[in-house]
Amino acid sequence: MSLVQEMNERAFELGVPLGVHLDVTYRCNERCAHCYLDHDDHGEMTTTEIKRILDQLAEAGTFFLTLSGGEVLMRRDFFDILEYARRLLFNVRIKTNGVMIRESEARRIRELGVEQVQISIYSRRPEIHDAITKLPGSLQKSVRAIRFLKSHGLKVAIANVLMTANLGEHTGVHALARELGVTYTLDPTITPKIDGDESILRMRIPAKELNAVFHTADLVGSVEEFCAPPPPAGDDIMEGYPCSAGHTACYITPYGDVFPCVQFPLPSGNLRRQSFLDIWRNSHQLKEVRSIRAKDLPVCSTCRHVGTCTRCPGLAYMEGNMRGPSTADCEKSFERTGIVTANMLRRGLGTPSSPLVQIQTLAG
Amino acid sequence: MSEKYIARSSAIAARVLGSEMMVMSAIDSTFFTLNEVATIIWQSADGRTPLSQIVEDAVCRDFEVEPAAALQDAEQFVGELAQHGILVVSDHPCPCPNPMEAV
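Since this is a predicted model, take the numbers as computed values, not measurements.

Asks: Give me the lowdown on the overall build of chain A, citing residues and values where you can.
Replies: A count of helices and strands for chain A gives 17 helices and eight strands. Relative to the 2.2 N^0.38 estimate, which gives 21 Å for 364 residues, the radius of gyration of chain A is 21 Å and therefore close to what a compact globule would have. If one aligns the C-alpha atoms of chain A with their principal axes, the spans along those axes are about 60 × 50 × 40 Å. When each of the 364 residues of chain A is scored for burial, the buried share is 44%. Restricting to contacts in chain A with at least 6 residues of sequence separation, those with at least 24 account for 67%.

Shown next, in the form of structure tokens:
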């Protein structure tokens, strides 16, 4: 176990919010086709309010701080916020589209000791990338930002969301990441909008494409290991918790709302009315999230994938039940292993060509 | 032997978790956890106080340890953190010792 994993376990035992994702704005200079946010400003927090929250997070023991949006640099006070966060010795990661990062911004980010900058790239072809962001010239500007950041010695990661609009483009983006000397992450997950609107889910890639991604060694490492059938789940799995949301991590909106996670929009308190620690320790919603163990999931606890599934409780919540399955993750488990999930069987979605292991699942 | 002055680097992240201090270098992402004694030394690294005085005042006062042995251990610990850019070691008091001032 790595030292960071040990610290995560320690934070879990102590109930410390080790990692917080703070969206400083929902405003954005891009209008990505798959984005889950509304980009109007409904009264985002002031500089003073955000600094007060950062003080509270430091006091609560938060170490990893992700500053994201919207586009963080749409806030004129972003560097003021970033500087303040670094003065409080947070380990800061920034998520940005990079369009507004030039040499001077890259240098300032480096001077402030930011751990990593993540930039979204959808294709290395401008006609695809810019069509998704709806901002002409955005690919060129984002790549330029990566070069500036790299030239200052910063760690950069390219985040490549995969959707119907950029099918097959990940190979090129992966190659671009290699050429630029940056980390590459591929995410085939399109989530409903934060207000529950599911219209963008039609942009999720087809099952066949998901299957191909999961069986590409260049992306997943050992296909044999990655796509291996799940081992039987023991007591440790059934007594375990689904993920860090609400346990050692949470999300804060630009309006001060606290959710268990950016993908789990369960209103748990508001920082304009309560202190962070009051919400973190006393919110009924967070307490409910923390109470759920794998054995408490009515469908998933019966599923063969229970120990290895990437089930997102937030996506399950958006489907109507935080204890229910997350259909997108059921699909991932199936496409990864070829083994039908309990949720698929329940919904009558087992394929006629399903392998014998499906029968074993039914028997088990 | 000349005095050593130690200051915390500005390129680090740090937080107390339980009884330990987590420290991460933004330069090479090296992650450290410091025990109670190391945390006291790290927190006292203001760039102005000699290491020997930190050991004498902050370590020997609270822990039953010989000053000479404590200083030897402290120098080894300081050297290790300096290699990863987490502490800055100097023969003279540092004009900008505090990371809160440096950023």
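So that's the structure; there's more coming.
Asks: Give me the overall build of chain B: which residues, what numbers.
Replies: A tally of helices and strands in chain B yields four helices and six strands. Of the regular secondary structure in chain B, the N- to C-terminal order runs β-β-β-β-α-β-α-α-β-α. Whereas a compact globule of 103 residues would reach a radius of gyration of roughly 13 Å, chain B reaches 13 Å, a difference of no more than 12%. Long-range pairs, those at least 24 residues apart, make up 55% of the contacts in chain B between residues at least 6 apart in sequence.

Asks: I'd like a description of the interface of chain A and chain B, backed by residues and values.
Replies: Facing the 19 residues of chain A at the interface are 15 residues of chain B. Ranked by residues supplied to the side of chain A that touches chain B, first place goes to helix H1 (residues 3-14) of chain A with six residues.

Asks: Help me get a handle on the pairing of strand S2 (residues 64-68) of chain A, residues and values and all.
Replies: All names here are of chain A. Of all five residues in S2, four are buried; the element is thus mostly enclosed. Each parallel crossover has a hand, and the one from strand S1 (residues 19-23) via helix H2 (residues 47-60) to S2 is right-handed. Strand direction decides the pairing type here: S2 and strand S3 (residues 91-96), joined by four bridges, are parallel. Bridging across to S3, Leu 65 finds its partner in Val 92. In the classification by handedness, the crossover that spans S2, the intervening helix H3 (residues 78-87) and the parallel S3 is right-handed.

Asks: Pulling in residues and values, what's your account of the sheet that holds strand S6 (residues 87-90) of chain B?
Replies: Residue and element names in this part refer to chain B. Read from one edge of the open sheet, three strands run S5-S1-S6, paired in antiparallel fashion. Looking at which strands have only one partner, the edges of the open sheet turn out to be strand S5 (46-50) and S6. Neighbouring strand axes in the sheet, compared pairwise and without regard to direction, differ in orientation by 25° on average. Bridging between strand S1 (residues 5-8) and S6 involves four bridges; their strand directions are antiparallel. Counterpart to Arg 8 in the pairing with S6 is Leu 87. On top of the sheet, helix H2 (residues 51-59) reaches S1 and S5; it is set at about 75° to S5, its chief contact.

Asks: Describe the environment of Thr302(A), with residues and values.
Replies: Turning to its location among the elements, Thr302(A) is positioned in the loop between helix H13 (284-291) and helix H14 (313-318). In sequence terms Thr302(A) and Ala342(A) are 40 residues apart; their C-alpha atoms lie 6.6 Å from each other.

Asks: Any chance you could break down helix H6 (residues 138-151) of chain A for me, citing the residues and the numbers?
Replies: Owing to its 3.6 residues per turn, the α-helix aligns residues three or four sequence positions apart on the same side. All names here are of chain A. Along its 14 residues, H6 runs 20 Å from first to last C-alpha, staying within 8% of the 20 Å computed at 1.5 Å per residue. Those residues of H6 that fall on the buried side of the exposure criterion are Ser 138, Leu 139, Ser 142, Val 143, Ala 145, Ile 146, Phe 148 and Leu 149. Of the residues flanking the end of H6, it is Gly 153, one or two places downstream, whose phi is positive at about 85°.

Asks: Could you give an account of the packing of H2(A) against H3(A), with specific residues and numbers?
Replies: All names here are of chain A. Packing of H2 against H3 brings their axes to within 10 Å, and their N-to-C directions diverge by 20°. In terms of axis orientation, H2 runs roughly parallel to H3. The handedness of the crossing between H2 and H3 is right-handed. Contacts between H2 and H3 involve Thr 47, Ile 50, Lys 51 and Leu 54 on the former and, on the latter, Asp 80, Ile 81, Tyr 84 and Ala 85. Looking at the contact of H2 with H3, its residues break down into five nonpolar, one polar and two charged.

Asks: Summarise the nonpolar core; cite the residues concerned and give the values.
Replies: Residues and elements named next belong to chain A. In terms of nonpolar packing, the biggest core is built from 109 residues, with Leu 65 and Leu 149 touching the most fellow members. Ranked by residues supplied to this core, first place goes to H6 with six residues. Contact partners of Leu 149, with chain neighbours within four places excluded, come to Ile 101, Ala 106, Ile 109, Val 117, Leu 154 and Val 156. Core analysis: the next-biggest nonpolar cluster, separate from the first, contains seven residues, Leu 297, Cys 300, Cys 303 and Val 306 among them.

Rules of the game
Residues numbered from 1 in each chain as written. Chains lettered and ligands numbered in written order. Predicted model: local features only at pLDDT ≥ 70, side-chain atom pairs only at ≥ 80, totals over all residues. Helix = DSSP H or I, 4+ residues; strand = E, 2+ residues; numbered from the N terminus. Rg over C-alpha atoms; globule rule 2.2 N^0.38 Å. Buried ≥ 20, exposed ≤ 12 C-beta atoms within 10 Å, placed from the backbone. Contact = placed C-beta atoms within 7 Å. Right-handed = clockwise from strand over helix to strand, strands pointing away. Pairing = 2+ DSSP bridges. Axes fitted to C-alpha atoms, helices over the stretch in contact; angles between N-to-C directions. Expected span 1.5 Å × (residues − 1). Parallel < 35°, antiparallel > 145°, perpendicular 65-115°, else oblique. Left-handed = near helix turned anticlockwise from the far one by under 90°. Nonpolar A, V, L, I, M, F, W, Y, C, P; charged D, E, K, R; others polar. Core = buried A, V, L, I, M, F, W, Y, C linked by C-beta atoms within 7 Å.

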